[in-house]
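Chain residues, written in single-letter form:
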Amino acid sequence: MDYLRVTSEVELAAALREDGAVFLAGGTDLLVKMRAGALRPRLLVDAARVDSLRQLSDRPDGLWIGSGARLEDVLASDAVRRDYPLLAAVLHSLGSVQIRNRATLGGNLANASPAADGVLALIAYDGKVALATQTGERTLDVSEFVRGPRRTALAAGEYIRSIWLPAPRSDWVPFFHKVGRRQALTIAIASVGGLLAERDGVIVDVRVVAGSVAPAPLRLHPVEDLVVGRPVDRTLLATASEAARKAVAPIDDVRASAPYRRDVIGDLVARFLRQASGHTAGGASP
Ligand SMILES: Cc1cc2nc3c(=O)[nH]c(=O)nc-3n(C[C@H](O)[C@H](O)[C@H](O)COP(=O)(O)OP(=O)(O)OC[C@H]3O[C@@H](n4cnc5c(N)ncnc54)[C@H](O)[C@@H]3O)c2cc1C
């Protein structure tokens, strides 16, 4: 295997045209796979020193995050703390400080795990991803980019340049909860992230995304359609929870069974609606 450290996108794009070239960002997914013998790149292209990929830019129409920005740098950004609290909550739960000091958002996206926590937040914010080659750039919705376990829309020689999150509503209340086998450093068995805005006791806008219960993090449109325009009460919690259970397509694996995952998602969706709406009547989860 050859190793090449590049310092500009011009060098990066040229190197990625080589047969068998693989993009190396933080290496927290890639090096694990290589060590396990699951992947043997012919050329490892280390892009960690490409400064243009590490920038964050807070503009009136939203936030640009370079694909190579370290997760700890994303978390430290004022714009993320102030305007994108769901992304902050999700990244705070991702790995450990050591992992987040190496790992990047581009890597979380390109690795395309159904449990990718960062991807869940990007989908909730309706994020878009800019993909580049030597000859140009194209833009896709994050939800179109991630196609299934380890499958993305990346073409040969293409790399993720940046991620764009549109300016959010100021009245969105965030929610994120990940259920794993332990409290810290855990990969999700099932997770729910969401954003909810209410006016006069009625839900006016909502985004709900579930992780680890479908080939990729899944926006729960049936739940969103059901709850908008309605007040949060016991009936709504029960019907939304049931709609969530039906909307997901989990699998059995070493970490949990499909029926368990389905139940967790139903409960988390009810918890999200109850907490984010400030609703306290009605007691425990349905
Ligand atoms: C101990 C541990 C705990 C973890 N905990 C979590 C967790 O809680 N939640 C979670 O979601 N993940 C977790 N992860 C997985 C991992 O840390 C994240 O997915 C991370 O964001 C990957 O980023 P990276 O920069 O390290 O990617 P890398 O490992 O460098 O790359 C991953 C893949 O993406 C490709 N790639 C990277 N950047 C680009 C780009 N810009 N353009 C095109 N392709 C690119 C690489 O070629 C490779 O295929 C954990 C990993 C470890 C080791």
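Residues numbered from 1 in each chain as written. Predicted model: local features only at pLDDT ≥ 70, side-chain atom pairs only at ≥ 80, totals over all residues. Heavy atoms only, no water.

(A) How the structure looks around the sheet that holds strand E3 (residues 43-46). On the basis of which strands lie adjacent, the open sheet formed by three strands has the order E1-E3-E2 and parallel pairing. Each edge of the open sheet is held by one strand with a lone partner, namely strand E1 (2-5) and strand E2 (21-24). If you compare each strand with its neighbour and ignore which way they point, the axes differ by 25° on average. (Pairing = 2+ DSSP bridges. Helix = DSSP H or I, 4+ residues; strand = E, 2+ residues; numbered from the N terminus. Axes fitted to C-alpha atoms, helices over the stretch in contact; angles between N-to-C directions.)

(B) Seen up close, the site of the ligand. Neighbouring the ligand are 30 residues; Phe23, Thr28, Asp29, Leu30 and Thr104 lie closest to it. Here an oxygen atom of the ligand and a backbone polar atom of Gly27 are 2.7 Å apart. The separation between a nitrogen atom of the ligand and a polar side-chain atom of Asp117 is 2.7 Å. Considering the ligand on its own, with 1000 Å² of exposed area, one finds that the protein chains cover 87% of that surface. Counting residues per element, the ones that place at least two in the shell around the ligand are E2, helix H7 (105-111) and strand E10 (159-166). At five residues, the largest contribution of residues to the shell around the ligand is made by H7. Along the lines of polarity and charge, the residues of the shell around the ligand split into 15 nonpolar, 12 polar and three charged. (Near = heavy atom within 4 Å. Polar contact = N/O pair within 3.5 Å; in protein donor to acceptor, adjacent residues only side chain to side chain. Areas by Shrake-Rupley, 256 points an atom, 1.4 Å probe, with all protein chains shown as cover. Nonpolar A, V, L, I, M, F, W, Y, C, P; charged D, E, K, R; others polar.)

(C) Broad picture of the pairing of strand E4 (residues 56-59). In terms of strand pairing, E4 meets strand E5 (residues 62-66) through four bridges, oriented antiparallel. Following the sheet pairing, Asp58 is matched in E5 by Leu63. Between E4 and E5, which pair antiparallel and follow one another directly, the connecting turn spans two residues.

(D) Region of interest: the layout of surface pockets. In this structure, the second largest pocket spans a volume of roughly 180 Å³. Every residue lining the second largest pocket is counted, 13 residues in all, and those nearest its centre are Ile123, Val142, Ser143, Arg219 and His221. Those elements that provide at least two residues to the lining of the second largest pocket are helix H8 (117-124), helix H9 (142-145) and strand E14 (218-219). Residues that form the lining of the second largest pocket fall into these classes: seven nonpolar, three polar and three charged. No fewer than three residues from each of domain 1 (56-166) and domain 2 (173-276) sit in the lining of the second largest pocket. (1 Å grid on protein atoms, 1.4 Å probe; cavity = no way out; pocket = protein on both sides within 12 Å on 5 of 7 lines; lining within 4 Å. Points joined across faces, edges and corners; volume = space filled by probe spheres on them. Domains from an automatic or database assignment.)

(E) Local environment of the domain arrangement of the chain. By the assigned domains, the chain splits into domain 1 (56-166) and domain 2 (173-276). Taking only C-alpha atoms, the centre of domain 1 and the centre of domain 2 are 21 Å apart. Each partner contributes residues to the interface: domain 1 has 22 residues there, and domain 2 has 21 residues. Taking both sides of the interface into account, the surface hidden between domain 1 and domain 2 amounts to around 1600 Å²; carbon and sulfur atoms contribute 69%. The tally of links between domain 1 and domain 2 comes to three salt bridges. Notably, a salt bridge pairs Asp126 with Arg207, separated by 3.6 Å at the nearest N-O pair. In this structure, the connection of domain 1 to domain 2 is made through four residue pairs in polar contact (both at pLDDT 80 or more). (Contact = heavy atoms within 4.5 Å. Buried area = accessible area lost by both parts, 1.4 Å probe. Salt bridge = Lys/Arg side-chain N within 4 Å of Asp/Glu carboxyl O.)

(F) A look at the pattern of salt bridges. Scanning the entire structure with this criterion turns up 20 salt bridges. Among the ionic pairs, Arg219 bridges to Glu224, the shortest N-O distance being 2.8 Å. Grouping residues by exposure puts Arg219 and Glu224 together as buried. Put simply, Arg255 and Asp253 hold a salt bridge, and the shortest N to O gap is 3.8 Å. Salt bridges sharing partners connect three or more residues here, namely Asp126, Arg207, Arg219 and Glu224. (Buried < 20%, exposed > 50% of the residue type's maximum accessible area, 1.4 Å probe, protein only.)

(G) Expanded view of the side chain of Thr152. As for its position among the elements, Thr152 is in strand E9 (residues 151-152). Within the local environment of Thr152, its side chain forms a polar contact with the backbone nitrogen of Leu154, the two atoms lying 3.1 Å apart. Leaving out residues up to four positions away in the same chain, Thr152 has contacts with Leu109, Ala110, Ala112, Phe145 and Arg147.

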